[in-house]
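# Tertiary structure, described
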Amino acid sequence: MSRRYDQSTTTFSPEGRLHQVEYAIEAINNAGTCVGIVCPHGEGIVLVAEKRVVSKLLAPSKISEKTYPIDDHMCCLVAGFSSDAAILIQQARVGAQRYLYSYQEPMPVEQTVKAICNHKQSYTQFGGLRPFGVAFLFAGYDIYNGFQLYQTDPSGNYSAWKATVIGQNNQAGKALLKTDYAATPAASSSSVHPLTPTIHLALKILLKTMDSSTPESSRIELTLLTKTKSSNNTADVSYVTVGDAEVQQYLSAVLAEDEKKKKSESSTSSDI
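The notes below deal with the structure included here. Values in this document were obtained by computation on a predicted structure and should not be read as measured data.

The secondary structure content of the protein amounts to 6 helices and 10 strands. The buried share among the 272 residues of the protein stands at 46%. For the protein, the proportion of contacts with a sequence separation of at least 24, taken over those separated by at least 6, is 64%. On the protein, roughly 14600 Å² of surface is accessible, and the fraction owed to carbon and sulfur atoms is 52%.

Now the structure itself:
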């Protein structure tokens, strides 16, 4: 008698797969792209996400739909079902505040991620439940490990990254990061922001993975996590969501740089 292995979260198929977990991961791969990059020179973390526009008739959301603060020193990007994410984000916030109340210091970033992943993994062990259809990019700073970026998935696994992509076309984004991340230059003295080169890289990756040929700043959410250099206190971590006007400036610079590169390559090929 055949069994429907894809109807249970606790039964392995003959190939050793948990189909319900794979379905949850597939739902994430159809979500808007999220890019997270830890600046190679230690200035901070850049988070960029694609905001999906379901209908032009919908009123713009008054709160972020992709980026959520967990504590003063930590935030996350979401790819997948926002309803599933809301439960886990609330749990992470409560856990962070309980830790702060008990120990009088901010909760270490990895400890927060581990607690959330333990909860996600428990939903793959019992019948009558389904995995959370959401993946996170947790970005934060603590005095033990500095700036950190973690990716989680529905199975409860998590991993630390220097730069990564989740959501739609994530494999193409990761392939670009492998070649471009190591070559990210330090910010020049003329840069408006010390994270400018990393911001340009993050936007470049996002533009390559978005399903739109005409990128708009209204569809891009840019968040910067930086820290005051004069202090070692995690309370001095700055979490800022950049406005549309400033995002458009960065976007224009990236598009101009890409156009210049294309012209240079075409002129080189014509000379040959």
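Moving on, we come to the pairing of strand E6 (residues 146-152). The buried fraction of E6 amounts to 7 of the 7 residues, a majority that puts the element mostly inside the structure. Bridge analysis of strand E5 (residues 134-142) against E6 gives 7 bridges, and the strand direction is antiparallel. Each residue of the ladder has a partner; that of phenylalanine 138, found in E6, is tyrosine 150. The pairing of E6 with strand E7 (residues 158-160) spans 3 bridges and is classified as antiparallel. Each bridged residue has a counterpart across the sheet, and for tyrosine 150 the counterpart in E7 is alanine 160. Counting the residues in the hairpin turn of E6 and E7 gives 5 residues, including glycine 156, whose phi is positive at 100 degrees.

Among the nonpolar cores identified, the biggest contains 26 residues, and Ile37, Val46, Val48, Ile199, Ile220 and Leu222 are the most heavily contacted of them. Elements that contribute at least two residues to this core include exactly strand E1 (34-38), strand E2 (44-50), strand E8 (163-166), helix H5 (196-209), strand E9 (220-227) and helix H6 (244-271). If one sorts the elements of this core by residue count, H5 sits on top with 7 residues. Discounting chain neighbours no more than four positions away, the residues touching leucine 222 are Val46, Leu47, Val48, Ile199, Val240, Thr241, Val242, Val247 and Tyr250.

The next point concerns helix H4 (residues 170-180). Within H4, burial applies to Asn170, Gly173, Lys174, Leu177 and Asp180. Projection of H4 onto a plane perpendicular to its axis shows the buried side chains occupying an angular sector of 135 degrees, all on one side. H4 presents Gln171, Lys178 and Thr179 as exposed residues on the side facing more than 90 degrees away from its buried surface.

It is worth spelling out the environment of leucine 18 at this point. Secondary-structure assignment places leucine 18 in the segment before helix H1 (19-29). Measuring from C-alpha to C-alpha, the distance between leucine 18 and serine 8 comes to 8.0 Å, with 10 residues separating the pair along the chain. When residues no more than four places from it in sequence are discounted, the contact partners of leucine 18 are Thr9, Thr10, Thr11 and Phe12.

Attention now goes to unusual backbone geometry. Residue glutamine 104 is not a glycine yet carries a positive backbone phi of 60 degrees. Mapped onto the secondary structure, glutamine 104 falls in the loop between helix H2 (82-103) and helix H3 (109-122). Taking the relative accessible area as the measure of exposure, glutamine 104 reaches 64% and is therefore exposed. Backbone geometry places asparagine 169, a non-glycine residue, at a positive phi of 55 degrees. Here asparagine 169 shows up in the loop between E8 and H4.

It is worth spelling out the sheet that holds E5 at this point. Each strand in a sheet pairs with its neighbour through backbone hydrogen bonds, running either in the same direction (parallel) or in the opposite one (antiparallel). In space, the 5 strands of this open sheet follow the order E3-E4-E5-E6-E7, with antiparallel pairing throughout. Looking at which strands have only one partner, the edges of the open sheet turn out to be strand E3 (67-71) and E7. Put simply, the sheet's adjacent strands are angled 25 degrees from each other on average, direction ignored.

Take the packing of aromatic side chains next. What the rule picks out here adds up to 5 aromatic pairs. When the ring of phenylalanine 136 is compared with that of phenylalanine 138, the centres are 5.2 Å apart and the planes differ by 45 degrees; the resulting orientation is tilted. According to the relative accessible area criterion, phenylalanine 136 is buried, its value standing at 0%. In this structure phenylalanine 138 comes out as buried when scored by relative accessible area, which is 2%.

Orientation of H2 relative to H3, taken along the N-to-C sense of each, is 135 degrees, at an axis distance of 10 Å. In this view, H2 runs oblique relative to H3, as classed from their interaxial angle. Handedness of the H2/H3 crossing: right-handed. Contacts between H2 and H3 involve Leu88, Gln91, Ala92 and Tyr99 on the former and, on the latter, Gln111, Thr112, Ile116, His119 and Lys120. For the contact of H2 with H3, the residue count by class is 4 nonpolar, 4 polar and 1 charged.

Reading guide: rules and limits
- Residues numbered from 1 in each chain as written.
- Predicted model: local features only at pLDDT ≥ 70, side-chain atom pairs only at ≥ 80, totals over all residues.
- Heavy atoms only, no water.
- Helix = DSSP H or I, 4+ residues; strand = E, 2+ residues; numbered from the N terminus.
- Buried < 20%, exposed > 50% of the residue type's maximum accessible area, 1.4 Å probe, protein only.
- Contact = heavy atoms within 4.5 Å.
- Areas by Shrake-Rupley, 256 points an atom, 1.4 Å probe, with all protein chains shown as cover.
- Pairing = 2+ DSSP bridges.
- Core = buried A, V, L, I, M, F, W, Y, C linked by side-chain atoms within 4.5 Å.
- Arc of directions from axis to C-beta.
- Axes fitted to C-alpha atoms, helices over the stretch in contact; angles between N-to-C directions.
- Phe/Tyr/Trp six-rings, centres within 6.5 Å; stacked < 30°, edge-to-face > 60°.
- Parallel < 35°, antiparallel > 145°, perpendicular 65-115°, else oblique.
- Left-handed = near helix turned anticlockwise from the far one by under 90°.
- Nonpolar A, V, L, I, M, F, W, Y, C, P; charged D, E, K, R; others polar.

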